[in-house]
Amino acid sequence: MAARLGDEDGPGSGSGPASHLTSSPAPASAAGGAVSEGSVSNSASEGSGPVAPAPKGSAPKGSAPEGSASAGARTATLDDVRSAQKTLSGISRLTALEGSRYLSGLVGSPVHFKCENLQRTGSFKLRGGYVRIAGLSPEERAAGVVAASAGNHAQGVALAASLLGVRSTVFMPEGAPLPKIAATRDYGAEVRLCGQIVDETMRAAQEYAERTGAVFIHPFDHPDIIAGQGTVGLEILEQCPEVRTVVVGIGGGGLAAGIAVAVKALRPDVRVVGVQAEGAAAYPPSLAAGRPVTIDAPVTMADGIKVGRPGEVPFRIIEELVDEVRTVTEDELSSALLLCLERAKLVVEPAGASPVAALLSDPKSFEGPVVAVLSGGNVDPLLMQRILRHGMAAAGRYLSLRLRLTDRPGALATLLGVLSTLDANVLDVSHVRTNPRLGLSEAEVELHLETKGTDHCEDVREALRGAGYTVMAEVMV
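So, how was this worked out
Residues numbered from 1 in each chain as written. Predicted model: local features only at pLDDT ≥ 70, side-chain atom pairs only at ≥ 80, totals over all residues. Heavy atoms only, no water. Helix = DSSP H or I, 4+ residues; strand = E, 2+ residues; numbered from the N terminus. Buried < 20%, exposed > 50% of the residue type's maximum accessible area, 1.4 Å probe, protein only. Contact = heavy atoms within 4.5 Å. Areas by Shrake-Rupley, 256 points an atom, 1.4 Å probe, with all protein chains shown as cover. Pairing = 2+ DSSP bridges. Axes fitted to C-alpha atoms, helices over the stretch in contact; angles between N-to-C directions. Arc of directions from axis to C-beta. Polar contact = N/O pair within 3.5 Å; in protein donor to acceptor, adjacent residues only side chain to side chain. Core = buried A, V, L, I, M, F, W, Y, C linked by side-chain atoms within 4.5 Å. Phe/Tyr/Trp six-rings, centres within 6.5 Å; stacked < 30°, edge-to-face > 60°. Lys NZ or Arg CZ within 6 Å of the ring centre and 35° of its normal.

Asks: Would you explain the overall build of the chain in this entry?
Replies: A tally of helices and strands in the chain yields 16 helices and 14 strands. When the 477 residues of the chain are sorted by exposure, 54% land in the buried category. Within the chain, contacts between residues separated by at least 24 positions form 74% of all contacts whose residues are at least 6 apart in sequence. For the chain, the exposed area adds up to about 19,400 Å²; of that, 51% sits on carbon and sulfur atoms.

Next comes the structure, spelled out in structure tokens:
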């Protein structure tokens, strides 16, 4: 369900608090006011040198460990981010900052959503993709660009290339959701399906680049990509100058690194917290090791942050500038997505809801005002249906049971009568009377119920047992 309304129009002026901004907002000071053009943290001149300093005893600024893929590569600077903001003027939308009354109550301080799910192509990825392609030489543009992605980066690169008149080829996994494949083609890219996982697709795209001369557009491991994503941080400081904490999801690290470069340069007092899915958390072990390490077979519903190894360039920045990296569970992700839909009326994909999941899991640990970056809203409708059911179950609002009863006339009606007295709404009933595991006088019923919370779920279980029914198992949703 891609958030694509108006994608082919020019960027809107945003909504809510964002609507008054220009394309190049003035930075905010540590006290929340304006700063002079030369104000940067650590007494550096504006944009001078890398904003992410190297730790003591490490390689010089802008370098990676010897032998790494990015050894000697430059990092992103504040000047890069500000230049990217100018490049994106008239291209990317200035997305709204929306308050969340519910989360503000839990945290005890204002909480705002930075709605990149409402960005063109449905995620922040257009920002970095456009800046990267816009920086190519005429010869490089003539050779075309190639990318690999399961969805958001694919759409961002496809639209960016089309706007710049550059031919694009995008490799996507064979199991990529059909709406994302269709959207990428609609934005002008040639789509090639290859591999079962993104790592295989990435290798195919890189081989294509080597074979054809097309420029490979990496989803996160390049300074131009990071600078483009960092424009989100500049907008946050203008839209919420009193911000104390920024919470952002982390996959490869491009968005978190870019935001950290912008925010920490202009407001070093602001805390930046990264969030990863528990089953795909490559940054905690990498930070412990002091270098990017690979985790085996990352597993999470949040495909937007399902990355097995941090990028070399964003890792160096995150290691120095991001204050903390937290992890969230699948239940917390699905509950966060449900909250965004019900309370904020926003369609957000699981990766985009990861900051909300972190806030829900430990609200009192965040100093406010807080800005949570909703990084994307591209979610397949079928996946959305499953996630919502999972989120309702995690919140105690959806209960699925399989139980056994005596097979006699009126037995099912009696069971439903018990449930009606408990005010449990029956959504679906599956009645099995013939099965080798059942006795001649037995039947099995699978029930899907809408409930009112965890206490109500326990009341239903106890009432069924009290009425003499054998609860065989709870059915996973």
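Moving on from the coordinates now.
Asks: What am I meant to see in the sheet that holds strand β5 (residues 190-193) here?
Replies: Strand pairs in the sheet, formed through backbone hydrogen bonds, run parallel or antiparallel to each other. One open sheet holds the four strands; their spatial order is β5-β4-β3-β6, and the pairing between them is parallel. Two strands close off the open sheet at either side, each with one partner strand: β5 and β6 (215-216). For strand β3 (residues 145-148) and strand β4 (residues 168-172), the ladder comprises four bridges, and the chain directions are parallel. Across the sheet, Val-145 pairs through a bridge with Ser-168, a residue of β4. Running over the sheet, helix α7 (residues 198-212) touches β3, β4, β5 and β6 and is turned about 165° from β3.

Asks: Sorry if this is basic, but what is going on with the sheet that holds strand β8 (residues 271-277) here?
Replies: Judged by pairing direction, the sheet is mixed, and its six strands sit side by side in the order β1-β2-β10-β7-β8-β9 without closing on themselves. Strands with a single pairing partner mark the edges of an open sheet, and in this sheet they are β1 (97-99) and β9 (324-328). Between one strand axis and the next, the sheet turns through 25° on average, direction left out of account. Of the strand pairs in this sheet, strand β2 (residues 111-115) and strand β10 (residues 370-374) are connected by five bridges, and their pairing is parallel. Paired with His-112 across the strands is Val-371, a residue of β10. Across the sheet, helix α9 (residues 254-266) touches β7 (245-249), β8 and β10, and the angle it forms with β7 is around 160°. The strands that helix α12 (residues 330-343) touches are β8, β9 and β10; relative to β9, the one it contacts most, it runs at about 90°.

Asks: Help me understand the environment of Gly-468 in this model?
Replies: If you trace the backbone, Gly-468 turns up in the loop between α16 (454-466) and β14 (470-474). Take Gly-468: its relative accessible area is 59%, and that puts it in the exposed class.

Asks: Would you take a moment to explain helix α1 (residues 78-87) for this structure?
Replies: Counting along an α-helix, one turn takes 3.6 residues, and residues three or four places apart therefore face a common direction. Every buried residue of α1 is listed here: Leu-78, Val-81, Arg-82, Ala-84 and Gln-85. For α1, the arc enclosing every buried residue in end-on projection is 155°, short of the 170-degree limit, so these residues lie on one face. If you follow the buried residues of α1, they end up packed against α3 (125-134), α8 (223-239) and α9. Capping of α1 at its N-terminal end is provided by Thr-77; its side-chain oxygen lies 3.3 Å from the backbone amide nitrogen of Asp-79.

Asks: Is there a simple way to think about unusual backbone geometry in this case?
Replies: Leaving glycine aside, a negative phi is the common case for residues, and trans is the common case for peptide bonds. Residue Pro-369 follows Gly-368 across a cis peptide bond; omega there is 0°. Here Pro-369 is to be found in the loop between α13 (354-361) and β10. Look at Thr-121: it is not a glycine, yet its phi comes out positive at around 70°. Along the chain, Thr-121 falls in the loop between β2 and α3. Judged by relative accessible area, Thr-121 falls into the buried class, the value being 0%.

Asks: Please explain the nonpolar core as it appears in this structure.
Replies: A general tendency of soluble globular proteins is for nonpolar side chains to be buried together. Counting residues in hydrophobic clusters, the biggest one holds 67 residues, and the most contacted among them are Ile-133, Val-145, Ile-259 and Val-373. No other element matches α9, which puts ten residues into this core. Each residue touching Val-373, except ones within four places of it in the same chain, is listed here: Lys-114, Val-232, Ile-236, Val-246, Val-247, Val-248, Leu-255, Ile-259, Gly-352 and Pro-355. Val-111, Ala-357, Val-379 and Tyr-398 belong to the second largest nonpolar core, which has 37 residues in total.

Asks: Sorry, what's going on with the packing of aromatic side chains here?
Replies: Counting across every chain of the model gives two aromatic pairs. The ring of Phe-366 carries Arg-326 above its face, with NZ or CZ at 4.3 Å from the centroid.

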